[in-house]
Structure formats: structure tokens, C-alpha cells
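# Geometric and topological summary
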Amino acid sequence: MLMAMLTALAFAALANGEGDAAPQHDVAAAPPQALAPSVALLPGEVPADRGPDGNTVIFAAPDGLIVVDTGRHVGHSDAILAYARAHNAPIAAIVNTHWHLDHTSGNRRLKAVFPHARVYATTAIDRALAPDGFLMRNLAAARQRAEDASLDPVARDETQLFLDTMAHSESLRPDIPITR
């Protein structure tokens, strides 16, 4: 009963605007598909005009859902959260297979609703977030691109999504580092 009440409160927080709002041109993801009892797949997508979303696998466990990879786009995160709501289960853990943003950008949106969920991942993201790392090298270019008035709407949404993710880059780091 307590878990059901906490889950309801978490979804009420989402409905009240916590987390990211969907970009104007974001695409809704299809609901996760059952693979086996207590296992579902939310297939990723690789659209031609935007960054990809990696696959997400969701396991039902005694203390809640275990989400493997959280995607990039708000629509993908929304599908994960809708699955949790439909199953009246909290997200207890997030496992990131690797640091790429199509596998980790949704971490913050899921944790906004389920703050007690722990992220399990390697610390490889530290290299990408270092001052000379891949993500930080791309940040300045993204900021310039966001100022370009001629940028098409989908590219603008993708750029803003990257900037929002980088503004909260701590959510890309693991709570529980996997070191071996």
C-alpha cells in the first residue's frame, strides 16, 4: 500500500511539470512490448532527422522496475514512465549499458519522478564530461547553433535537448559505479 501511494505521488509530481517538457517536435514512442513474464522492451528508434534513442529493457523486480537504458528523447522517457504507471510500480534502479546520450539522457527525467532510483553504470562518462572530453567539446558548438535563427525546428529541438542534458550532466553519472 505504501509503495502504491509513493508511486501515485511520483506521478502527480510529473503531471505538475517536474522534469522536461516534450520539445515541440518530439515524437511519442510506442508502448513497451512484453518479451517474457516481467520483461518488456521499448525499442529504440533511429530517425533520419534527429538523434537516436537506444533500446530500453524493463524488468519487474520485487522492489520495483529495473530500467536498462533510458533513451534520449522525452517521448521515450514518457513511454517508460507510462509503463511504470500502468504497472503501478516505481522505478527502483536504472542500469546504463554505456554513457552515450541515447542510453542515458532519460536518467534525469526518470529520477525527477522516482528520486530514489539508483543509476548503475561505469564511470566512463567522466572522460566525456572532462573539459577536453567529447561532450564538453561539443557544448560550445551547440550553444552557437541554438542562437542560429535559421535553424530548422527539429534541429533546434535536438540542440535544446543536448543543452538541457548538459545543464544537468550530473544525472549522466552513476550513483553506484560499476568498476569491475
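Please read all numbers here as calculations on a predicted model, not as lab measurements. Residue numbers restart at each chain and count upward from 1, following the sequence in its written direction. Per-residue local features are limited, in this predicted model, to residues with pLDDT of at least 70; the limit for side-chain atom pairs, both in listing and counting, is 80 or more; totals at the level of whole chains, interfaces and linings are taken over all residues. Excluding hydrogens and water, the side-chain figures rest on all heavy atoms present in the structure.

## Looking at the overall build of the protein chain
Every helix listed is a DSSP run of H or I at least four residues long, and every strand listed is a run of E at least two residues long, numbered separately from the N terminus. Helices and strands together make up the secondary structure of the protein chain, namely seven helices and seven strands. Going from N to C terminus, the protein chain has its helices and strands arranged as α-β-β-β-β-α-β-α-α-β-α-α-α-β. Remark: exposure states derive from per-residue accessible area (1.4 Å probe, protein chains only) relative to the maximum for the residue type, with buried under 20%, exposed over 50%, and partly exposed in between. Counting all 180 residues of the protein chain, 44% fall into the buried class. Residue pairs at least 24 apart in sequence account for 62% of intrachain contacts in the protein chain once pairs closer than 6 positions are excluded. Of the roughly 9,500 Å² that the protein chain leaves accessible, carbon and sulfur atoms contribute 59%. Here, residues are in contact when the closest pair of their heavy atoms is within 4.5 Å. Only the protein chains shown count as covering a residue, and every accessible area follows the Shrake-Rupley method with a 1.4 Å probe.

## Topic: the packing of aromatic side chains
Each pair of aromatic rings taken from Phe, Tyr and Trp, with Trp reduced to its six-membered ring, is defined by centres within 6.5 Å and is described as stacked if the planes are under 30 degrees apart, edge-to-face if over 60, and tilted in the remaining cases. Under the criterion given, the structure shown has one aromatic pair. Here the aromatic rings of Trp 99 and Phe 134 are separated by 6.0 Å at their centres, their planes lie at 55°, and the arrangement is tilted. Here the residue Trp 99 occupies a position in the loop between strand S5 (91–95) and helix H3 (101–104), and Phe 134 occupies one in helix H6 (residues 134–146), the gap between them amounting to 35 residues.

## A word on helix H2 (residues 74–86)
An ideal rise of 1.5 Å per residue puts 18 Å on 13 residues; H2 measures up with 18 Å between its terminal C-alpha atoms. Residues of H2 that are buried: Val 74, Gly 75, His 76, Ser 77, Ala 79, Ile 80, Leu 81, Tyr 83 and Ala 84. Of the residues one or two after H2, Asn 88 is the one with positive phi, at around 50°. By definition here, a helix of n residues has an expected span of 1.5 Å times n minus one.

## Considerations on the pattern of salt bridges
Take a side-chain nitrogen of Lys or Arg and a carboxyl oxygen of Asp or Glu: if they are within 4 Å of each other, that pair is a salt bridge. Following the criterion strictly, the structure yields five salt bridges and no others. In this structure, Asp 49 engages Arg 50 in a salt bridge whose closest nitrogen and oxygen atoms are separated by 3.9 Å. Asp 49 gets classed as partly exposed once you look at its relative accessible area, which sits at 47%. On the basis of relative accessible area, Arg 50 is assigned to the buried category, the value being 12%. Notably, a salt bridge pairs Arg 50 with Glu 158, separated by 3.2 Å at the nearest N-O pair. Of this pair, Arg 50 sits in the loop between strand S2 (39–42) and strand S3 (56–61) while Glu 158 sits in helix H7 (residues 153–167), and the two are 108 residues apart along the sequence. Both residues of the pair, Arg 50 and Glu 158, belong to the buried class. Residues participating in the shared-partner salt-bridge network are Asp 49, Arg 50 and Glu 158.

## As for the side chain of Arg 50
Here Glu 158 takes part through its side chain, which lies 3.2 Å from a polar atom of the side chain of Arg 50. Contact partners of Arg 50, with chain neighbours within four places excluded, come to His 25, Asp 26, Val 27, His 73, Val 154 and Glu 158. Here a polar contact is taken to be a pair of N or O atoms separated by no more than 3.5 Å, where protein atoms must pair a possible hydrogen donor with a possible acceptor and residues adjacent in sequence count only if both atoms sit in side chains.

## Observations regarding the packing of H6 against H7
Where H6 contacts H7, the two axes come as close as 10 Å, and the packing angle between them is 135°. Classified by the interaxial angle, the pair formed by H6 and H7 is oblique. In the crossing of H6 with H7, the sense of the turn from one axis to the other is left-handed. Contacts from Leu 135, Met 136, Asn 138, Leu 139, Ala 142, Arg 143, Arg 145 and Ala 146 in H6 reach Arg 156, Thr 159, Phe 162, Leu 163 and Met 166 in H7. Residue type decides the class: Asp, Glu, Lys and Arg count as charged, Ala, Val, Leu, Ile, Met, Phe, Trp, Tyr, Cys and Pro as nonpolar, and the leftover types, Gly among them, as polar. Residues of the contact of H6 with H7, tallied by class, amount to eight nonpolar, two polar and three charged. Angles here are taken between N-to-C directions and fall from 0 to 180 degrees, while the axes themselves are lines fitted to C-alpha atoms, restricted in helices to the stretch in contact. Each angle is binned into one of four classes, with values under 35 degrees roughly parallel, values over 145 roughly antiparallel, values of 65 to 115 roughly perpendicular, and all other values oblique. Crossing handedness: left-handed means the near helix sits turned counterclockwise from the far one by under a right angle, and right-handed means the same turn made clockwise.

## Some words on the sheet that holds strand S6 (residues 118–121)
A pair of strands is labelled paired if DSSP reports no fewer than 2 bridges between them. Reading across the sheet, the seven strands line up as S1-S2-S3-S4-S5-S6-S7 and stay open at both edges, with mixed pairing between neighbours. Edge positions in the sheet fall to strand S1 (33–36) and strand S7 (176–177), since each of these pairs with one other strand and no more. Pairing of S3 with strand S4 (residues 64–68) involves five bridges; the strand directions are antiparallel. The residue of S4 that forms the bridge with Val 57 is Val 68.

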